[in-house]
Amino acid sequence: MRTAFSFILVFIALSGFSQKKTAYVSGKVIDENENPLPGVTITILGRQNGIATSDSGTYRIKVPAEKAFALIFSYTGYREEQKNFYLSDNEAEQLTVKLTRNNTTLEPVIINDQKERTETGLVKINPKSAAILPSATGGVEALIKILVGSNNELTSQYSVRGGNYDENLIYINDFEIYRPFLVSNAQQEGLSFINPELTKNINFYTGGFQAKYGDKISSVLDIQYKKPTTFSGSAYVSLLEQGFHLEGSSHDKKFSWLFGVRSKTNKDLLSSQEVKGNYVPSASDLQAYLTYTLTRKLQLELLGILSGSKFRLIPESAQKSSAIFSALFTADLGLDIFFEGQEKDNYNTNLIGLSLNQYVNKKIKLKWMASHYGDNENENFDITGAYLFGERDFDKTSSSFGQIVNPLGAGVYQNYARNVLNIDVYNVSHKGSFAEGKHFIQWGAGVDHTIIHDKLNEWEYEDSAEYSLPYNPNQINLSSVLKSSANLVIDKYSGYVQDNLRIGDTVRDITLQAGVRFNYNSLNKELIVSPRAQISYKPNWQRDIVFKAAAGVYDQPPFYREMRRYDGTINTGLKSQKSIQFVAGFDYNLATNNHPMRITTEAYYKSLTDVDVYDIDNVRIQYYGNNNAKAYATGIETRIFTELVKGAESWLSIGVSQTKENLDNDFYYTYKNAEGEIITAQTTDQVVADSIKNEEGYVRRPTDRLLTLGLFLQDYLSTNKNFKVHLNMIYGSNMPYNIPNSVKYRNALIIEPYIRVDVGFSALLLSEKSLRRSHSPFRAFDNIWASLEVFNLIDRDNTISYQLIKDFANNTFSIPNRLTPRLINFKLLARF
């Protein structure tokens, strides 16, 4: 009996030990307006079964104790939330969870917003992705470059479908945005004009856009800043950039405010480049967006942006290398340069915009706008470089490793500039809309008054083997000179009207947009009229597919930079560049293995006339200032949007394209001697007996690139969403580079393919504030993330341009200018 009793006691004790320790979490789930959400699914991360909230939004769930776990709160149309816990045995935790509406890129694709599917060329971008994207420049433009391709990680500039950066429109809350005009090197650039932390919606049109958008040839980036209803903010710090933002509204919701400050320095990034020296780059900006509801039908909006960028460089030396392989010549070439002098640049821009929204009734909405954009730029540099060019020894066992052992050329060059530019753009405009039945009519009109003052004094001197180039025994010549001053006043009148018509029935859905816009420029006395139309059709098929097409006239009146010729003179009679564009494609929604997926494909063709030909050196776009060419751009783009893991958007973009131009009078002569042999530069002592005129015809444009590929990938651990990885990759096939003053070899140099891989690893240091005790010093923070970023993961030496060097025999060699190597960045991001 005593033995049996002992067994019972041991069994009870062991049973108590073997029981799982538990705790409870209870509370309420609400939306952004603090309304209860019934039917919210609550599961423990890693388990299939869970519970749902009651009709009043309340819940109570049994959870494991004395071990880390996470609860997942999910509800259709809302962002999934994860809450992390570590509770003691029998502990009861109270938690109120607020769910926010889903605002990811894939939401309009997978749920119900058809705008992105029916509008030609439209890509909706999630602004929150800009904060997590590993990129040297960061910002919204870094996301765009994944979609359309890039060849320079240091710039926020991008080209779309064969165009250059000047052909892109950018709007923030309907106010047009400009960038500094004198920037010639990406390392001089400051911050992007767009603050991602203030951004609510991003609509990016790659082509075929509607008449309501302005007069540019390539693309539209339409940004809308937030109108907050509750107080919140964020702060971040990294080795490259720092910033914070605050947002909130008054108690009666009539007044809302949005405020952001950023600061950036690329010193660590630039110091890793080939040119060694003292880099002192700095950029900062202040942005504010205020709204005030005057009455039920009137609302005021004020947008203010103040941005400044400074760049100072005292170069010391540079070592550049290149390998040449050919049937006639093979060598490992090197260029050693020793510098004297410095560069000091300042770029300051500002924008102030005031708008009045008038809601006349449910059908009519009006908007009245006034703005001023100011740009003040100063470039000052005087840099002398003494160089030695020749074959470099790459034998690591040699005592002369890294040195130039066979000199082929030597000389001195000097670059000098004192440039000043001031631009003021005053705008008054009106927009309106009228909805009636199946029609949605939009119209607008505006006046731009532009004042431009500049004074440019820029020259370059070259001395090769103690001979100044171009050589003249009687005088010293400069290799290039740009001296000019301009005082221009330009008035531009523009307007548009368009109808958005939805026809069809519940079985077949057809949308049609048709409109026309005009533009008159007082400087060149030119009036342009641009009709545009778009159509989409969703057939009654089992597969969810939408077909769409667009056609229209897209003309681009000249602004400051397009009118400036190579010699500095301004062509005030320059006409608009004109294009007729056609776009056709489809949008297909599908799901594979429970993963949402959307595939879009568009083919396009642009026919351009009155083209103002240009060259690109780094980010400097130098125009010829004449309407002396015709061109075309054609291609096809495919993008795949998906979620490899739930809640983490990813996309793949593939583009195949070609763009070429044909200049007027672009011919050259081939000379022959009496024996019919071609006379070359090395045989100029021979007598010319015959000549042949060669028409160059169509040649590659500076932005021509056959293949572009971009990948944006997000993933997280299957057992813990608080550890994430973000990867972006860009591949672009080769691009042409121009040899100055050469018809025969225009755009004949080749820049090798651009390959760039950046990766970031993120960890959640602190979870939602409602999970922490009231005495926690971090109670005010919603979350804090830490990220480790690796730029240029594969450490590829990408080329951005070439430096042309002459040897002692007057042969010209091209030495590549490289971009940045691998670099590590660390970032902390806190939201509250």
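Residues numbered from 1 in each chain as written. Predicted model: local features only at pLDDT ≥ 70, side-chain atom pairs only at ≥ 80, totals over all residues. Heavy atoms only, no water.

(A) Representation of the overall build of the chain. What the chain contains, in helices and strands, is seven helices and 42 strands. A buried classification covers 51% of the 832 residues belonging to the chain. Partitioning the intrachain contacts of the chain with sequence separation of at least 6 by distance along the chain shows that 67% fall at a separation of at least 24. (Helix = DSSP H or I, 4+ residues; strand = E, 2+ residues; numbered from the N terminus. Buried < 20%, exposed > 50% of the residue type's maximum accessible area, 1.4 Å probe, protein only. Contact = heavy atoms within 4.5 Å.)

(B) Highlighting the confidence of the model for the chain. On average, residues of the chain score 85 in pLDDT, and 89% of them are at 70 or above. Contacts of residues 1-18 to residues separated by more than four positions or lying in other chains number zero contacts, the stretch itself having pLDDT below 50. (pLDDT = per-residue confidence, 0-100.)

(C) Summary view of a nonpolar patch on the surface. On the surface, Val 237, Leu 239, Phe 761, Leu 765, Leu 788, Ile 824, Phe 826 and Leu 828 cluster together into a nonpolar patch covering about 700 Å² of accessible area. When residues of the nonpolar patch are traced back to their parent elements, those giving at least two are β38 (754-766) and β42 (823-831). Considering each element in turn, the nonpolar patch owes the most residues, three residues, to β42. Here Leu 828 lies in strand β42. (Patch = residues over 30% accessible without salt bridge, like charges linked within 9 Å, V, L, I, M, F, W, Y side chains within 5 Å. Areas by Shrake-Rupley, 256 points an atom, 1.4 Å probe, with all protein chains shown as cover. Salt bridge = Lys/Arg side-chain N within 4 Å of Asp/Glu carboxyl O.)

(D) Just unusual backbone geometry, in detail. Positive phi values are uncommon outside glycine, yet Arg 161 reaches one of about 50°. Even without being glycine, Lys 525 reaches a positive phi, approximately 60°. With respect to the helices, strands and loops of the structure, Lys 525 is situated in the loop between β24 (509-521) and β25 (526-538). Taking relative accessible area as the criterion, Lys 525 reaches 59% and is therefore assigned exposed.

(E) Here's a closer look at the nonpolar core. By size, the foremost hydrophobic cluster in this structure holds 70 residues, and its most contacted members are Tyr 158, Ile 172, Phe 204, Leu 221, Tyr 225 and Tyr 560. With seven residues, helix α5 (residues 140-148) is the single largest residue contributor to this core. Setting aside chain neighbours within four positions, we find Tyr 225 in contact with Ile 172, Asn 173, Phe 193, Ile 194, Asn 195, Leu 198, Thr 199, Lys 200, Leu 258, Gln 287, Tyr 289 and Leu 303. Core analysis: the second largest hydrophobic core is formed by 20 residues, Val 29, Val 40, Tyr 59 and Phe 73 among them. (Core = buried A, V, L, I, M, F, W, Y, C linked by side-chain atoms within 4.5 Å.)

(F) Region of the structure containing the sheet that holds strand β12 (residues 219-225). Ordered in space as β8-β11-β12-β9-β10, the five strands form an open sheet in which the pairing is mixed. Edge positions in the sheet fall to β8 (122-125) and β10 (175-176), since each of these pairs with one other strand and no more. Here two bridges tie strand β9 (residues 168-172) to β10, and the two strands are oriented antiparallel to one another. Each bridged residue has a counterpart across the sheet, and for Tyr 171 the counterpart in β10 is Glu 176. (Pairing = 2+ DSSP bridges.)

(G) Summary view of the packing of aromatic side chains. One pass over the full model with this rule turns up 28 aromatic pairs. When the ring of Tyr 158 is compared with that of Tyr 165, the centres are 5.5 Å apart and the planes differ by 90°; the resulting orientation is edge-to-face. Take Tyr 158: its relative accessible area is 3%, and that puts it in the buried class. Here the aromatic rings of Phe 389 and Phe 813 are separated by 5.1 Å at their centres, their planes lie at 50°, and the arrangement is tilted. Of this pair, Phe 389 sits in strand β19 (residues 364-392) while Phe 813 sits in strand β41 (residues 812-818), and the two are 424 residues apart along the sequence. Residue class for Phe 389 comes out buried when judged on its relative accessible area of 0%. (Phe/Tyr/Trp six-rings, centres within 6.5 Å; stacked < 30°, edge-to-face > 60°.)

(H) Summary view of the pattern of salt bridges. Throughout the structure, instances matching the rule amount to 33 salt bridges. Note that Arg 502 is salt-bridged to Asp 509, the shortest N-O span being 2.7 Å. Between Asp 615 and Arg 746 there is a salt bridge; the shortest N-O distance is 2.8 Å. Taken as a pair, Asp 615 in strand β28 (residues 595-617) and Arg 746 in the loop between β36 (735-737) and β37 (749-751) lie far apart in primary sequence, 131 residues in all. Bridged by salt links that share partners, the residues Arg 117, Lys 538, Asp 544, Asp 587 and Arg 598 form one connected network.

(I) Seen up close, the sheet that holds strand β1 (residues 22-30). What the three strands build is an open sheet, ordered β4-β1-β7; its pairing is mixed. The open sheet has two edge strands, β4 (58-64) and β7 (92-98), and neither has a second partner. Strand-to-strand twist in this sheet, taken as the mean axis angle between neighbours without regard to direction, amounts to 25°. Across seven bridges, the pairing between β1 and β4 is antiparallel. (Axes fitted to C-alpha atoms, helices over the stretch in contact; angles between N-to-C directions.)

(J) Layout of the side chain of Asp 807. Tracing the backbone through its elements, the reader meets Asp 807 in the loop between β40 (799-806) and β41. The charged side chain of Asp 807 is buried without a salt bridge, its nearest counter-charge being Lys 806 at 7.7 Å. (Lys, Arg positive; Asp, Glu negative; His and termini not counted.)

(K) The pairing of β41, seen in detail. Sheet topology places β40 next to β41; seven bridges connect them, and they run antiparallel. Residue pairing for β41: Ser 801 is matched across the bridge by Asn 817. The hairpin formed by β40 and β41 contains five residues between the paired strands, and Asn 810 there has a positive phi angle of roughly 70°.

(L) Region of the structure containing the environment of Glu 93. Among the structural elements, Glu 93 can be located in strand β7. We classify Glu 93 as buried; its relative accessible area is 10%. Sequence separation of Glu 93 and Val 25 is 68 residues, and the distance between their C-alpha atoms is 4.8 Å.

(M) Molecular detail of the side chain of Glu 526. Tracing the backbone through its elements, the reader meets Glu 526 in strand β25. With relative accessibility at 10%, the residue Glu 526 sits in the buried group. Residues in contact with Glu 526, not counting those within four places in the same chain, are Asn 519, Tyr 520, Asn 521, Lys 575, Ser 576 and Lys 578.

(N) Fine view of α5. Of all nine residues making up α5, nine are buried, and the element is well covered by its neighbours. All of the buried residues in α5 are Val 140, Glu 141, Ala 142, Leu 143, Ile 144, Lys 145, Ile 146, Leu 147 and Val 148.

(O) Quick look at the environment of Arg 312. Its place among the elements puts Arg 312 in strand β17 (residues 298-325). Sequence-wise, Arg 312 and Gln 188 are 124 residues apart; in three dimensions their C-alpha atoms are separated by 8.6 Å. Residues contacting Arg 312, with those up to four places away along its chain left out, are Asn 278, Tyr 279, Val 280, Gln 342, Glu 343 and Lys 344.

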